[in-house]
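What follows is the residue order along each chain.
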Amino acid sequence: MVFTAATLGSAPSASAAQCGNGPGGFERWKQDFAEEARASGHGPGAIDALMGTHYNTATISADRGQKSFRLSLDQFMAKRGASAIVARGRSLKRSQAALFSSIQQRYGVPPGPLLAIWGMETGFGAVHGNQHALSAIATLAYDCRRSDYFTDQLNAALTLIDHGTLSPNARGSMHGEIGQTQFLPKNILNYGGGGNLDNAGAALSATANFLRAHGWRPGAGYQPGEPNFDAIQAWNAASVYQRAIAIIGRQIDGGGGESD
């Protein structure tokens, strides 16, 4: 889900748990991280969950890949099924009009971009991913490429486990994103109320809350060059994804053609 530009080149973590670039040091890192987590106040359930994680080679492979973000806009739209997202999004906008009206009144975000994100991330809840989410996040916290960023995510995940709002066995996507619109743990804490984002209404409200917190202005446009496009950029750092969300959202909300 959310990877800002600042996460793409994070320095290795300065904590006692030393990052690595392969599976060999993961178990030692896990022991060290568990000591730090315990010292910072995480409870035994969260520590047990951490110790039950495994090095996820599929996550590392996906993190080094992300080939779809290198496609042209037209290729990306076709690969992600943009026309199907628009059609289903328009139907859901009608059938769940009360929900989207409530969200717009509260956050100022219209249905289009929310439905575009929901459709793009999980096919409107059809595909959540089948990775062990905590293992994916722990693997990326250990991996040196973005250790600091995912260390924050791992601590947030342990907090959610402490609170009883995240199962240690939760399943998610390759980077540990979970829920209908694929939030990482820190964003669940910051924008989702720490709640269960497998519920569509809660996830869409959290997504609107995220966009509003990142500068969304009620009534302003959200195409490239318009005020609210910055909030869409905050959601995902890939420019092709950003433009696709803007186009799909506009089509759901009732305007424009396939591309500019």
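Up top is the structure.
Residues numbered from 1 in each chain as written. Predicted model: local features only at pLDDT ≥ 70, side-chain atom pairs only at ≥ 80, totals over all residues. Heavy atoms only, no water.

### A closer look at the overall build of the chain
Working step 1: Scanning the chain from terminus to terminus reveals 13 helices and 2 strands.
Working step 2: Since a compact globule built from 260 residues should have a radius of gyration of about 18 Å, the 19 Å found for the chain is in line with a globular shape.
Working step 3: Dimensions of the chain along its principal axes, counting C-alpha atoms only, are 55 × 35 × 30 Å.
Working step 4: Buried residues in the chain amount to 53% of all 260 residues.
Working step 5: Partitioning the contacts of the chain with sequence separation of at least 6, the portion at a separation of at least 24 is 69%.
Working step 6: Accessible surface for the chain amounts to roughly 10,900 Å². Of this, 49% is attributable to carbon and sulfur atoms.
Working step 7: In the chain, 21 positive and 19 negative side-chain charges are present, and the distance between their average locations comes to 7 Å. (Helix = DSSP H or I, 4+ residues; strand = E, 2+ residues; numbered from the N terminus. Rg over C-alpha atoms; globule rule 2.2 N^0.38 Å. Buried < 20%, exposed > 50% of the residue type's maximum accessible area, 1.4 Å probe, protein only. Contact = heavy atoms within 4.5 Å. Areas by Shrake-Rupley, 256 points an atom, 1.4 Å probe, with all protein chains shown as cover. Lys, Arg positive; Asp, Glu negative; His and termini not counted. Charge placed at Lys NZ, Arg CZ, Asp CG, Glu CD.)

### Considering the side chain of T207
Working step 1: Tracing the chain through its elements places T207 in helix α11 (residues 200–213).
Working step 2: Within polar-contact distance, the side chain of T207 engages the side chain of T181 at 2.9 Å.
Working step 3: Sequence-distant contacts of T207, defined by excluding residues within four places in its chain, comprise L114, I117, T181, F183 and W235. (Polar contact = N/O pair within 3.5 Å; in protein donor to acceptor, adjacent residues only side chain to side chain.)

### Describing the packing of helix α5 (residues 82–95) against helix α13 (residues 239–253)
Working step 1: Between α5 and α13, the least distance of the axes is 9 Å, while the angle of their chain directions is 40 degrees. With respect to their mutual orientation, α5 and α13 come out oblique. The crossing of α5 and α13 is right-handed. Across the interface between the two elements, A82, I85, V86, G89, R90 and K93 from α5 touch I248, Q251, I252 and D253 from α13. (Axes fitted to C-alpha atoms, helices over the stretch in contact; angles between N-to-C directions. Parallel < 35°, antiparallel > 145°, perpendicular 65-115°, else oblique. Left-handed = near helix turned anticlockwise from the far one by under 90°.)

### As for the nonpolar core
Working step 1: W29, L154 and I248 are the most contacted members of the largest nonpolar core, which totals 75 residues.
Working step 2: At 8 residues, α13 tops the list of elements feeding residues into this core.
Working step 3: Setting aside residues up to four positions removed in sequence, L154 forms contacts with W29, F33, L50, L134, I137, A138 and A141. (Core = buried A, V, L, I, M, F, W, Y, C linked by side-chain atoms within 4.5 Å.)

### Comments concerning the packing of aromatic side chains
Working step 1: A complete count under the given rule lists 13 aromatic pairs for this structure.
Working step 2: Arranged with centres 5.4 Å apart and planes meeting at 75 degrees, the rings of W118 and F124 form a pair that is edge-to-face. In this pair, the class of W118 matches that of F124, namely buried.
Working step 3: Each member of the aromatic cluster is reached from another via a ring pair, and the members are F26, W29, F33, Y55 and Y142. (Phe/Tyr/Trp six-rings, centres within 6.5 Å; stacked < 30°, edge-to-face > 60°.)

Honestly, it's all geometry; don't read function into it.
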